[in-house]
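Coordinate analysis (summary)
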Amino acid sequence: MKAMILAAGLGNRMRPLTDHTPKPLLCAGGKPLIEYHLENLRRAGIREVIINLAYLGEKIRAHLGNGQQFGLKISYSTEPEPLETGGAILHALDLLGEEPFLLINGDVWCDLELAQFIQHPIVENTLASQLGHLLLVPNPEFHPQGDFALASSGHLIDDPEKTAPQRFTFGGISLLKPELIANYPDKRQKFPLVEVLRRAINNGQLTGQVHQGHWSDVGTPARLQELENYLSHLSKQP
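Residues numbered from 1 in each chain as written. Predicted model: local features only at pLDDT ≥ 70, side-chain atom pairs only at ≥ 80, totals over all residues. Heavy atoms only, no water.

What follows concerns the pairing of strand β1 (residues 2-6). With four of its five residues buried, β1 lies for the most part within the structure. Where β1 and strand β4 (residues 48-53) come together, five bridges link them in parallel fashion. Bridging from a neighbouring strand, Ala3 pairs with Val49 of β4. Pairing of β1 with strand β6 (residues 101-105), which is carried by five bridges, proceeds in the parallel orientation. Bridged to Lys2 within β6 is Phe101. (Buried < 20%, exposed > 50% of the residue type's maximum accessible area, 1.4 Å probe, protein only. Helix = DSSP H or I, 4+ residues; strand = E, 2+ residues; numbered from the N terminus. Pairing = 2+ DSSP bridges.)

In total, this model carries ten salt bridges according to the counting rule given. Between Glu113 and Arg43 there is a salt bridge, with the nearest N and O atoms lying 3.2 Å from each other. Taken together, the residues span a long stretch of sequence, with Glu113 in the loop between β7 (108-110) and α5 (114-117) and Arg43 in helix α1 (residues 33-43) at a distance of 70 residues. A relative accessible area of 31% places Glu113 in the partly exposed class. With its nearest N and O atoms 3.3 Å apart, the salt bridge here joins Arg61 to Glu58. Here the residue Arg61 and the residue Glu58 both occupy positions in helix α2 (residues 57-64), the gap between them amounting to three residues, near one helical turn. (Salt bridge = Lys/Arg side-chain N within 4 Å of Asp/Glu carboxyl O.)

Structurally, Asp158 can be placed in strand β10 (residues 156-158). At 2.6 Å, the side chain of Asp158 forms a polar contact with the side chain of Arg198. Once you skip the residues sitting within four places of it in the chain, Asp158 turns out to touch Phe148, Arg198, Ile201 and Asn202. (Polar contact = N/O pair within 3.5 Å; in protein donor to acceptor, adjacent residues only side chain to side chain. Contact = heavy atoms within 4.5 Å.)

Let us look at helix α7 (residues 193-202). The α-helix winds at 3.6 residues per turn, so residues separated by three or four positions along the chain end up facing the same way. Leu193, Val196, Leu197, Ala200 and Ile201 are the residues of α7 that are buried. In an axial view of α7, the angular spread of the buried residues amounts to 135°, which keeps them on one side of the axis. Positioned one or two residues after α7, Gly204 has a phi angle of 70°, which is positive. (Arc of directions from axis to C-beta.)

Glancing now at the packing of aromatic side chains. Geometry of an aromatic ring pair is reported as the spacing of the ring centres plus the angle between the planes. Enumeration according to the criterion identifies three aromatic pairs in this entry. For the pair Tyr36 and Trp109, a centre-to-centre distance of 6.0 Å together with 80° between the ring planes defines the contact as edge-to-face. Of this pair, Tyr36 sits in helix α1 while Trp109 sits in strand β7, and the two are 73 residues apart along the sequence. Relative accessible area serves as the criterion here: at 17%, Tyr36 is assigned to the buried category. Here the aromatic rings of Tyr184 and Phe191 are separated by 5.8 Å at their centres, their planes lie at 25°, and the arrangement is stacked. (Phe/Tyr/Trp six-rings, centres within 6.5 Å; stacked < 30°, edge-to-face > 60°.)

This is the structure in structure tokens:
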């Protein structure tokens, strides 16, 4: 299995920290955010990683190189401008190949062990109609209404009226089949992944699972500091 890390965003909400540093290279716990993902991927047995680049992308390439230092093979999908999440995957399809792949937002931190997550049946193609499996998390304070509901069957429910008794937030980690993007009828150079996900959910083609561990969307300097505090506390545990 291959993995793709989304790392091309402008990081506007993180300024001035991202004026000269791409968000995936911002540090928490003495380590760039993206390195946590790379280490987790290696523990999961994944060896091929695609990283999309746009804003300050050459700094990411210079820092990570070909991935050898992490025991990985890293390839880069260079974008002329940030293509949003859906456009980024479409742009990288030739590198991703035809098998299900793991997609990770470069600006999240999660204590989920990917080795367990990637064992979902979508990998063995036993669920022919299923196009993806998403990691959900309890709604953080900055996103109290969440994104999707989860049926007892494990299928995701798009709930635009927000009437479901319990909704969850998409955690930025997912297993996807390439055809989710390749066969999307409204694909274009630049578009968000969420619109593709909502279409697949309404077609009954996405499942999800809820992670109750620690998760952080490092979208603002304050959240980066919160993660720094958490990792500092964690490092002091016996």
